[in-house]
Amino acid sequence: MRNIFKKNNNSERTDDGAAFEENEPQACKGTTYSNDESQVCGGAATFYDEPRMRGGTIGSHDENAPKKIESEDMEAFDVTMSFYSLVLPAEMSGMWKRINNFTAFATKAGDNTFIFLETDEGAHSSNGKRSEWALIEDDIFNELASLTLKHNFAASNGNSSYTYGLPMNFGGSVNIKYSGGEKIYFSNNQSPVISYDAGVDIVAVFRKAFEGKKAVFPDLSGLRQIEFAEARKNCGFTKATLTINPDGTGTNEKIQRFDGPKIFESCKEVDAETVQAIKRSIENNGILAWELLPDNGFELRAEKELTFVFEGGEEICIKSDRLLPMQLQGGFFDIELEMTTKH
């Protein structure tokens, strides 16, 4: 795949982040609520009709959630599931090959597709956990749409259940969005909400996708500067610039204004170990690919962005409010913390 990033054109840069996956049931218009765990929703505002007591279950059923999706144009796919509690026939699991849990995430990113897969396979939980991300040239949404129809995910649309006090998530969630505004969402943290066969099919689609052409990103050895900018609604702001020195250390210059007119400035040295940790966070969280991701749809109190400047003038600017799997969302904050608080 060609390098999709261009050199700096000196255009102005401006920007915060949240999750596509929801961990607790959320209220929807036309939703009924129940403490019966068989009533299991996705929506806009959280609700708590009962005290959050250990072992207590809250749930909802969105009566307006469609059981048939008309759109064929899927634009985002996010499934997290645990099969750890399932007892599988030996011929299905093979013990060392069984899927204990997985997260599969895909979203359109311009003309490309951003994908993430995390799996835990083997005889014991966390025995073989691994994760991978990529920005690929192929569009896998036709395969994912066919898989969604094959396993009839829409039949469970609008059902959610959450039980407090469980030691781990023994179930999972399905969150799928279509370009026409249709969506499929259902979840349960007590038991799987899709079949094991469906999980195997999902993982297979993603593993095949990782074999395709991937985007080329600048080598982090050529990273020369990181700029952080935050604009708050009270007219406050923070700007920080981390310049990476030839010896691997850095110099972090920061300027801030809070509620009043006073401006605060600082300049601190950053050790090489911290600079390397920042680079690892960039790589592990796929941050250079965030530039092409859609926003997550949440209104935020502040606009934040990071700009990465490479040798030769190449720049990549990303915002914090991108649509991402839960496992990658902390990458932006890790860098922000180093540049605005620790240094």
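In this text, all values refer to a predicted model and were calculated from it rather than measured experimentally. (Residues numbered from 1 in each chain as written. Predicted model: local features only at pLDDT ≥ 70, side-chain atom pairs only at ≥ 80, totals over all residues. Heavy atoms only, no water.)

> Please explain the pattern of salt bridges as it appears in this structure.
Side chains that carry opposite charge are capable of pairing whenever their charged atoms lie near each other. The final tally for this structure, using the stated rule, is 11 salt bridges. Between K108 and D73 there is a salt bridge, with the nearest N and O atoms lying 2.7 Å from each other. Here D73 lies in the loop between β4 (57-62) and β5 (74-82) and K108 lies in strand β6 (residues 99-109), a separation of 35 residues in the sequence. Taking the shortest distance from any N to any O, the salt bridge between K208 and E143 comes out at 4.0 Å. Of this pair, K208 sits in helix α3 (residues 196-209) while E143 sits in helix α2 (residues 141-150), and the two are 65 residues apart along the sequence. Given the relative accessible area of 53%, K208 is considered exposed. (Salt bridge = Lys/Arg side-chain N within 4 Å of Asp/Glu carboxyl O. Helix = DSSP H or I, 4+ residues; strand = E, 2+ residues; numbered from the N terminus. Buried < 20%, exposed > 50% of the residue type's maximum accessible area, 1.4 Å probe, protein only.)

> Mind showing me how you'd approach the packing of aromatic side chains here?
Under the defined criterion, the tally for this structure stands at 9 aromatic pairs. Ring centres of F83 and F102 lie 6.1 Å apart, and the angle between their planes is 35 degrees; this geometry places the pair in the tilted category. With F83 in the loop between β5 and α1 (90-93) and F102 in strand β6, this residue pair connects regions lying 19 residues apart in the sequence. Assigned by exposure class, F83 and F102 land together as buried. With 6.1 Å between their ring centres and 20 degrees between their planes, F114 and W133 make a pair best called stacked. Of this pair, F114 sits in strand β7 (residues 112-121) while W133 sits in strand β8 (residues 129-136), and the two are 19 residues apart along the sequence. (Phe/Tyr/Trp six-rings, centres within 6.5 Å; stacked < 30°, edge-to-face > 60°.)

Geometric descriptors of this kind do not, in isolation, establish any biological role.
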